Amino acid sequence: MSPPSQSAAHTIPPHTLTRLAREWLAEDTPNFDPAGVCVGSQEVEARLLCKTPHSILAGRPFFTAVFTEVGCTVDWIHQEGAEIGPDAITLTAVVRGPARCLLLGERPALNCLARASGIATRCSQLRAIATEGDWRGEVAGTRKTTPGFRLVEKYAMLVGGVSMHRQDLSGMVMLKDNHVWASGSITQAMKAVRSVCGFSSKIEVECRSAEEGRQAAQAGADIVMLDNFVPQELHVAACALKEEFPTLLVEASGGVTPENLASYFSPHVDIISLGCITQGCPVVDFSLKVKKP
């Protein structure tokens, strides 16, 4: 998957940005802002500094939305998806507005930018590994996201150049081991969900063995996830499934890290998903410094 341009921001409806910005601001300032009395409403200018070299900038729409909500403006120096650096400290944007309002937006805006840029940076690194390995499949994220922050984290994946995977439980059917155990069998679970999702939704089945993968494909699964396979076993199982079911998509997941990602590459594996894209991902260090009078 090639990295998107600035058009990634066009995937977020304006009303969604406004709603999120208001929620984050209300969380951080639910009533009074006592510190606002010491700074007042005089116009000030603050510089956004990135202190993590070679980071991918992501989250501009969220950062700007927060400051727009409190009556401030943001002038960006770097584009969304740009690599920032190599200097130890890089001027990234300038924020202007009433002092107390600018400080109200500071922390919520920085939280979004730091988290989104961290995820985008990791995604860019993973995509580079896939490119270097001449693997033509898709690196993908998961639903292992921060509660209430999924849209930001999925958007960061898009900016970083990997697949967001399904957005939520409504976006695509994925039958995991608990679904199969609770329903009795892969075939029974497939029959039940196909009766309600119709033609418009793909169905993926999580499989713990090559035989389960074959059962899922025979039952009509669009995607088979080979879960927690070691690379050697994965390659054998994926090859066998593709030979019997040429149109089947095969996903590898479980235990994949940036360090071992390349060992999962195979012409028979279409998707490799990693929970570490969001779980345990380092943030990018940003700070906002008001210009002294």
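Just above sits the structure.
Residues numbered from 1 in each chain as written. Predicted model: local features only at pLDDT ≥ 70, side-chain atom pairs only at ≥ 80, totals over all residues. Heavy atoms only, no water.

A. Expanded view of the sheet that holds strand β5 (residues 90-98). The antiparallel open sheet is built from four strands, whose spatial order is β3-β5-β1-β12. Strand pairing shows two members of the sheet lacking a second neighbour, β3 (73-76) and β12 (286-290), which therefore form its edges. Neighbour to neighbour, the strand axes of the sheet diverge by 25° on average, direction disregarded. Here β3 runs beside β5; their pairing, made up of four bridges, is antiparallel. (Pairing = 2+ DSSP bridges. Helix = DSSP H or I, 4+ residues; strand = E, 2+ residues; numbered from the N terminus. Axes fitted to C-alpha atoms, helices over the stretch in contact; angles between N-to-C directions.)

B. Quick peek at empty space enclosed by the protein. Applying the stated criterion to the full structure yields one cavity of 30 Å³ or more. The space that makes up the largest cavity amounts to roughly 40 Å³. In this structure, the largest cavity is lined by Asp177, Val180, Trp181, Ile186, Glu206, Arg208 and Glu212. The element that contributes the greatest number of residues to the lining of the largest cavity is helix α5 (residues 177-183), accounting for three residues. Per-class residue counts for the lining of the largest cavity are three nonpolar, no polar and four charged. (1 Å grid on protein atoms, 1.4 Å probe; cavity = no way out; pocket = protein on both sides within 12 Å on 5 of 7 lines; lining within 4 Å. Points joined across faces, edges and corners; volume = space filled by probe spheres on them. Nonpolar A, V, L, I, M, F, W, Y, C, P; charged D, E, K, R; others polar.)

C. Expanded view of the packing of helix α3 (residues 99-132) against helix α4 (residues 150-160). Taken N-terminus to C-terminus, the directions of α3 and α4 make an angle of 40°; their axes are 7 Å apart at the nearest point. Classed by the angle they form, the pair α3 and α4 counts as oblique. Note that α3 runs across α4; the crossing there is right-handed. Counted together, Cys112, Arg115, Ala116, Ile119, Ala120, Cys123, Ser124 and Arg127 of α3 and Val152, Glu153, Ala156, Met157, Val159 and Gly160 of α4 form the full contact between these two elements. Per-class residue counts for the contact of α3 with α4 are nine nonpolar, two polar and three charged. (Parallel < 35°, antiparallel > 145°, perpendicular 65-115°, else oblique. Left-handed = near helix turned anticlockwise from the far one by under 90°. Contact = heavy atoms within 4.5 Å.)

D. Quick look at the packing of aromatic side chains. Applying the stated criterion across every chain yields a total of six aromatic pairs. With 6.2 Å between their ring centres and 65° between their planes, Trp24 and Phe62 make a pair best called edge-to-face. Note that Trp24 is positioned in helix α1 (residues 14-28) and Phe62 in helix α2 (residues 60-69), a separation of 38 residues in sequence. Note on accessibility: Trp24 and Phe62 belong to one class, buried. (Phe/Tyr/Trp six-rings, centres within 6.5 Å; stacked < 30°, edge-to-face > 60°. Buried < 20%, exposed > 50% of the residue type's maximum accessible area, 1.4 Å probe, protein only.)

E. Spotlight on unusual backbone geometry. Cis geometry is found at the peptide bond from Gly85 to Pro86, where omega equals 10°. Structurally, Pro86 is set in the loop between β4 (83-84) and β5. Backbone geometry at His54 places phi at a positive 60°, although glycine is not the residue there. Looking at where His54 falls in the secondary structure, it is placed in the loop between β1 (43-50) and β2 (55-56).

F. Structural view of the packing of α1 against α3. Following both chains from N to C, one finds α1 and α3 inclined at 120°, their axes separated by 9 Å at the closest point. If you check the angle between α1 and α3, you find them oblique. At the point where α1 passes α3, the crossing takes the right-handed sense. Between α1, through Trp24, Leu25 and Asp28, and α3, the contact on the second element is made entirely by Leu104, Gly105, Arg107, Pro108 and Cys112.

G. Seen up close, the sheet that holds strand β9 (residues 223-227). Taken together, six strands build an open sheet; the order of strands is β6-β11-β10-β9-β8-β7 and the sheet is parallel. Where the open sheet ends on each side, the last strands, each with one partner, are β6 (138-140) and β7 (173-175). For this sheet, the mean angle separating the axes of adjacent strands, direction not counted, is 25°. In the sheet, β6 pairs with strand β11 (residues 271-273) via three bridges, with the strands oriented parallel. Looking across to β11, one finds that Ala140 is bridged to Ser273. Here helix α7 (residues 210-218) sits on the sheet in contact with β8 (203-207) and β9, set at roughly 160° to β8. Sitting on the sheet, helix α8 (residues 231-244) touches β9 and β10 (249-253), and the angle it makes with β9 is about 160°.

H. Focus on the pattern of salt bridges. All told, the structure shown has eleven salt bridges when counted by the stated rule. The residue Glu45 makes a salt bridge to Arg96 at a minimum N-O spacing of 3.1 Å. In this pair, Glu45 sits in strand β1 while Arg96 sits in strand β5, placing the two residues 51 residues apart along the sequence. Overall, Arg96 belongs to the partly exposed group, its relative accessible area being 32%. Across the pair Asp134 and Arg136 runs a salt bridge, and its minimum N-O distance is 3.1 Å. Taking relative accessible area as the criterion, Arg136 reaches 71% and is therefore assigned exposed. Within this structure, Glu45, Asp75 and Arg96 form a network of salt bridges that share partners. (Salt bridge = Lys/Arg side-chain N within 4 Å of Asp/Glu carboxyl O.)

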